[in-house]
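Secondary and tertiary structure notes
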Amino acid sequence: MKKTLAWAATLATVAACTLGAALPAVAADATTPAAVTSAVSATAFDTSRLSPEAKALADQILAKLPADWQQHRDAAIAKYGIHDTQWAGIRDSVIDPGDYQCQATALRDYQQGLLTGADPGLLFLLSLLGAPDMPTYDALFFGSESKSDTFGANGEYTNQLTSEGKDLKRFWDIDSADIQIVPMHGGDLFSSPERLARVISLMYGIPETNKDTALFLAHLIGHLINLDPVLQGGNNPIFTFNAFAFTEKHSPNPVGVSDRIVVGDGILQGMSALGLGDTAPRAILAHEFGHQVQFADGLTASRLTGPEATRRVELMADAYGTYFLTHSRGEALNAKRLLDSEKSFYMVGDCGFSSPGHHGTPNQRFAASAWAASVADNAANQGHILPSLAFDALFEAKLPDLVKPDAAN
Ligand SMILES: [Zn+2]
């Protein structure tokens, strides 16, 4: 969740999985990324704690980086809000437990397992360099939808998500022809110095004229990642543990990125590892497409502010997603089976109910999905698809009930 977003600095990015969307000014989440990054930003890294090979690479990298690289890295995180998605929150709590707190969930435990045995010094250096964000920037700025796209580390979700994408565009009454559904792969990026150099230039503010520096850094960072087998050359799911929807609609100064949904291999592997591989990938895509419906219909803004504003947007995306997944002209999934899987999906999905950017408690998210499934199931004319604004009107009326469970949260 949330997202180039130079304009994002003017638009409050709240912890959600929508990047870029114009939401009411919300101080939400400003606490997290900025506070953390500013704490890290001045960090001078002591390379003597690294293995000799890693130290040799790290010294060359740190010597080659522009003096203000950390400020650029922080500005990019703040502008693009790429740490604001629920998935990135959990990931960061594993990579940087000192700065990001997350309660124990099966998903967080799964992620911790991903880094077992990794060199902590190397991990900290890579986190400082922003390496875990590089695949997200690559998909956000340089990704595009194409017939050769694959979804999942072994393409195991390609058919499922590609056909669901077509169904979603056919189902909802918005102009979705230009919405691109883009995969996010890790190893592909870190093994291609040319592609990585583009991302490094963007993150560290290295000008076009200084292409050689970016390319040189890309080679070094690629080697650094290959030093630790736990990182699997960048294919470790930790590098692609994210999914979000992006738009530049209403952006004061667009950077020319088309509306898109990005789905990382890591989040799909995580869901599969938790036994949710059957429906969670489709639920993630349907939820993110729900955000694109909100962008198209101008539904992200409301009179609400802070966590309530985020929760409304996220619960609505859950409802749009589940209505599509259970509707006979959508994915026609068996509501019981779907809701069972969504229940566990919601249990693992949130980092901190008290965080300003949480998506709603698992109970509230389940209530939103169960309600949406009942709207589809109880419709007199099963073949009729509610127009997205008509569905929203029902949702807005239902919202007070949906947040009643755990209302204190
Ligand atoms: Zn969302």
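On a predicted model such as this, the values are computed, not experimentally measured, just so you know.

What about the overall build of the protein?
A count of helices and strands for the protein gives 17 helices and four strands. In the protein, buried positions account for 60% of the 409 residues. Only carbon and sulfur atoms are counted for the fraction: they give 55% of the accessible area of the protein, which is about 15,100 Å².

A look at the pattern of salt bridges
Within this structure, the stated rule accounts for 13 salt bridges. When salt bridges that share partners are traced, they join Asp138, Arg195 and Arg198 into one network.

Some points on the nonpolar core
Among the nonpolar cores identified, the biggest contains 108 residues, and Met134, Trp172, Ile200, Tyr204 and Tyr323 are the most heavily contacted of them. At eight residues, helix α13 (residues 280-297) tops the list of elements feeding residues into this core. Not counting chain neighbours up to four residues away, the residues in contact with tryptophan 172 comprise Phe289, Val293, Tyr320, Tyr323, Phe324, Leu386 and Ser388.

A word on the packing of helix α14 (residues 306-326) against helix α17 (residues 388-402)
At a minimum axis distance of 11 Å, the contact between α14 and α17 shows a crossing angle of 125°. Between α14 and α17, the angle falls in the class oblique. Considering how the two elements wind past one another, α14 and α17 form a crossing that is right-handed. Within the contact between the two elements, α14 uses Arg312, Leu315, Met316, Ala319, Tyr320 and Tyr323 and α17 uses Ser388, Phe391, Asp392, Phe395, Glu396 and Leu399. For the contact of α14 with α17, the residue count by class is eight nonpolar, one polar and three charged.

Considerations on unusual backbone geometry
One non-glycine residue, glutamine 232, adopts positive backbone phi at about 50°. Tracing the backbone through its elements, the reader meets glutamine 232 in the loop between α11 (211-226) and β3 (243-246). Residues other than glycine seldom take positive phi values, yet alanine 332 does so here, at roughly 50°.

Structural notes on the pairing of strand β4 (residues 260-264)
Most of β4 is tucked away: five of the five residues are buried. The alternating pattern of β4 places Arg260, Val262 and Gly264 on one face and Ile261 and Val263 on the opposite face, and all of these are buried. One ladder, built from five bridges, connects strand β2 (residues 180-184) with β4; its direction is parallel. In the sheet register, valine 182 faces β4, and the bridge partner there is valine 262. With four bridges joining them, β3 and β4 adopt antiparallel strand pairing. The residue bridging phenylalanine 244 from the neighbouring strand is valine 262, located in β4.

Let's talk about the packing of helix α10 (residues 193-204) against α11
Running from N to C, α10 and α11 cross one another at 110°; their axes reach a closest spacing of 8 Å. For the element pair α10 / α11, the angle class is roughly perpendicular. At the point where α10 passes α11, the crossing takes the right-handed sense. Between α10 and α11, the residues in contact are Pro193, Glu194, Leu196, Ala197, Ile200, Ser201 and Tyr204 and Ala214, Leu215, Leu217, Ala218, His219, Ile221 and Gly222, respectively. Residue classes in the contact of α10 with α11 are distributed as 10 nonpolar, three polar and one charged.

Here we look at α14
At 3.6 residues per turn, the α-helix brings residues three or four places apart onto the same side. The end-to-end C-alpha separation of α14 is 31 Å, in line with the 30 Å expected for 21 residues at 1.5 Å each. With 19 of its 21 residues buried, α14 lies for the most part within the structure.

A word on helix α6 (residues 120-129)
A large share of α6 lies buried, amounting to eight of its 10 residues. Of the positions making up α6, those classed as buried are Gly121, Leu122, Leu123, Leu125, Leu126, Ser127, Leu128 and Leu129. Here α6 starts with a cap whose side-chain oxygen sits 2.8 Å from the backbone nitrogen of glycine 121, and that cap is aspartate 119. Positive phi shows up at glycine 130, right after α6, with a value of about 80°.

Things to note about the packing of aromatic side chains
Pairs of aromatic rings are described using the distance from one ring centre to the other and the angle between the two planes. A complete count under the given rule lists 13 aromatic pairs for this structure. Ring geometry for phenylalanine 171 versus tryptophan 172: centroids 4.9 Å apart, planes at 85°, classification edge-to-face. Judged by its relative accessible area of 3%, tryptophan 172 falls in the buried class. Seen from their ring centres, phenylalanine 171 and phenylalanine 324 are 5.2 Å apart, and the 80° between their planes marks the pair as edge-to-face. With phenylalanine 171 in helix α8 (residues 158-171) and phenylalanine 324 in helix α14, this pair connects stretches of sequence that are 153 residues apart. In this structure, phenylalanine 171 and phenylalanine 324 share a single accessibility class: buried.

Criteria and cut-off values
- Residues numbered from 1 in each chain as written.
- Predicted model: local features only at pLDDT ≥ 70, side-chain atom pairs only at ≥ 80, totals over all residues.
- Heavy atoms only, no water.
- Helix = DSSP H or I, 4+ residues; strand = E, 2+ residues; numbered from the N terminus.
- Buried < 20%, exposed > 50% of the residue type's maximum accessible area, 1.4 Å probe, protein only.
- Areas by Shrake-Rupley, 256 points an atom, 1.4 Å probe, with all protein chains shown as cover.
- Salt bridge = Lys/Arg side-chain N within 4 Å of Asp/Glu carboxyl O.
- Core = buried A, V, L, I, M, F, W, Y, C linked by side-chain atoms within 4.5 Å.
- Contact = heavy atoms within 4.5 Å.
- Axes fitted to C-alpha atoms, helices over the stretch in contact; angles between N-to-C directions.
- Parallel < 35°, antiparallel > 145°, perpendicular 65-115°, else oblique.
- Left-handed = near helix turned anticlockwise from the far one by under 90°.
- Nonpolar A, V, L, I, M, F, W, Y, C, P; charged D, E, K, R; others polar.
- Pairing = 2+ DSSP bridges.
- Expected span 1.5 Å × (residues − 1).
- Polar contact = N/O pair within 3.5 Å; in protein donor to acceptor, adjacent residues only side chain to side chain.
- Phe/Tyr/Trp six-rings, centres within 6.5 Å; stacked < 30°, edge-to-face > 60°.

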